[in-house]
Amino acid sequence: MQEFVTVTGIVIKAEPIGEYDKRVVILTKERGKIVAFARGARKTNSRLMAPTNPFSFGVFRLFAGRSSYNMSEAEISNYFEELRQDFVGAYYGMYFLEVCDYYTRENNDETGMLKLLYQSLRALTSQHFDNRLVQCVFELKSIMINGEFPQITSTSGLSETAIYTIDYIMRTPVEKLFSFRLEGQILEELAHFSSNVCKRLRDKNFKSLEILENIK
């Protein structure tokens, strides 16, 4: 008898397998990052075609195989369609998905990263936030969640406002992170700091970030 598992999460990667199937990576609340196969998901009449696209957030019903999961059905509450219609916004979102794939692990508690990803994607679809600010917040908070954040002091070469902003990002729960706006020199300072920290702490090049840096 097959064991069914129900998880809540976001599809962070999808790739074709064979002629009609898909292999998807889902960042879930219950089981961390998992791999699932969606049989026939590339057929035009498949009910799994849309739910297996990146950015799809919802509830997935899977059955466990010997070494992976197979997707049975999905109930998607947010496809983040706005990102699919925004060329630049989509690449910011894909960068966030790549970072989550880089940091997260199977059977690990990835609730913090899942919440951060969801709130960051929501902020990207909002007209109230500069995408560069969303990127900075996502980068710095993801590093902090994974326990790598460097100590910030008055001798770090940052302005008081920038130091206060970074401290706010570190201390604030994910659900309340996107409650402020920055512009001008302070945003440039924060972006420069975030970029340097990421280059120092990550040992991977992200394809979507390379494209973003070329089109900004």
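Residues numbered from 1 in each chain as written. Predicted model: local features only at pLDDT ≥ 70, side-chain atom pairs only at ≥ 80, totals over all residues. Heavy atoms only, no water.

### A word on a nonpolar patch on the surface
- There is a patch of nonpolar side chains on the surface, built from F87, V88, I211 and I215 and spanning about 320 Å² of accessible area.
- Where the nonpolar patch is concerned, the elements lending two or more residues are α2 (87-103) and α7 (207-215).
- Inspection of the secondary structure puts I211 in helix α7.
- Since its relative accessible area comes to 32%, I211 is described here as partly exposed. (Patch = residues over 30% accessible without salt bridge, like charges linked within 9 Å, V, L, I, M, F, W, Y side chains within 5 Å. Areas by Shrake-Rupley, 256 points an atom, 1.4 Å probe, with all protein chains shown as cover. Salt bridge = Lys/Arg side-chain N within 4 Å of Asp/Glu carboxyl O. Helix = DSSP H or I, 4+ residues; strand = E, 2+ residues; numbered from the N terminus. Buried < 20%, exposed > 50% of the residue type's maximum accessible area, 1.4 Å probe, protein only.)

### Details of the packing of aromatic side chains
- Applying the stated criterion to the full structure yields 11 aromatic pairs.
- Considering the side-chain rings of F4 and F63, the 5.8 Å spacing of their centres and the 70° angle between planes classify their relative orientation as edge-to-face. Residue F4 is found in strand β1 (residues 4-17), and its partner F63 is found in strand β4 (residues 57-64); the two are separated by 59 residues along the sequence.
- When the ring of F57 is compared with that of Y118, the centres are 4.6 Å apart and the planes differ by 45°; the resulting orientation is tilted. In this pair, F57 sits in strand β4 while Y118 sits in helix α3 (residues 111-124), placing the two residues 61 residues apart along the sequence.
- Here a set of aromatic residues connected by ring pairs shows up, and it is made of Y95, F96, Y102, Y103, F138 and F206.
- Over the aromatic face of F4 sits the side chain of R61, whose NZ or CZ is 4.2 Å from the ring centroid. (Phe/Tyr/Trp six-rings, centres within 6.5 Å; stacked < 30°, edge-to-face > 60°. Lys NZ or Arg CZ within 6 Å of the ring centre and 35° of its normal.)

### Focus: the sheet that holds strand β5 (residues 69-78)
- The strand order around the closed barrel formed by 5 strands is β1-β2-β3-β5-β4, and the pairing between neighbours is mixed. Between one strand and the next, the sheet's axes are offset by a mean angle of 50°, whatever the strand orientation.
- Pairing of strand β2 (residues 21-28) with strand β3 (residues 32-38) involves 7 bridges; the strand directions are antiparallel. Opposite V24, over in β3, you have A36 as the bridge partner.
- Each of β1, β2 and β3 touches α2; the most contacted strand, β1, lies at about 115° to it.
- Here α3 sits on the sheet in contact with β1, β2, β4 and β5, set at roughly 65° to β1. (Pairing = 2+ DSSP bridges. Axes fitted to C-alpha atoms, helices over the stretch in contact; angles between N-to-C directions. Contact = heavy atoms within 4.5 Å.)

### Digging into α7
- All of the buried residues in α7 are S208, L209 and L212. Projected onto a plane normal to the axis of α7, the buried residues spread over an arc of 100° and lie on a single side. Seen from the buried face of α7, the exposed residues on the opposite side, beyond 90 degrees, are K207 and N214.
- Along its buried surface, α7 packs onto α2 and α4 (131-145). (Arc of directions from axis to C-beta.)

### Comments concerning the confidence of the model for the chain
- Per-chain confidence: the chain averages 93 in pLDDT, with 97% of residues scoring 70 or above.
- Of all secondary-structure elements in the chain, the lowest mean pLDDT belongs to α7, at 91, while α3 reaches the highest, 98. (pLDDT = per-residue confidence, 0-100.)

### As for the nonpolar core
- Counting 50 residues, the largest nonpolar core has F96, L117, L121 and L190 as the members making the most contacts within it.
- When contributions to this core are tallied by element, the ones reaching two or more residues are β1, β2, α2, α3, α4, α5 (160-171), α6 (184-201) and α7.
- Residues contacting L117, with those up to four places away along its chain left out, are I10, I12, L27, F96, L97, C100 and F138.
- Among the nonpolar cores identified, the runner-up in size contains 15 residues, and V11, I26, I34 and A36 belong to it. (Core = buried A, V, L, I, M, F, W, Y, C linked by side-chain atoms within 4.5 Å.)

### Details of the side chain of N78
- Following the sequence through the fold, N78 ends up in strand β5.
- A distance of 2.8 Å separates the side chain of N78 from the backbone nitrogen of F80, its partner in a polar contact.
- Beyond its immediate stretch of four places on either side in the chain, N78 contacts F55, S56, F57 and Y118. (Polar contact = N/O pair within 3.5 Å; in protein donor to acceptor, adjacent residues only side chain to side chain.)

### Brief notes about the side chain of S120
- Assignment of secondary structure puts S120 in helix α3.
- For S120, the contacting residues outside a window of four places in its chain are F96, V134, F138 and F178.

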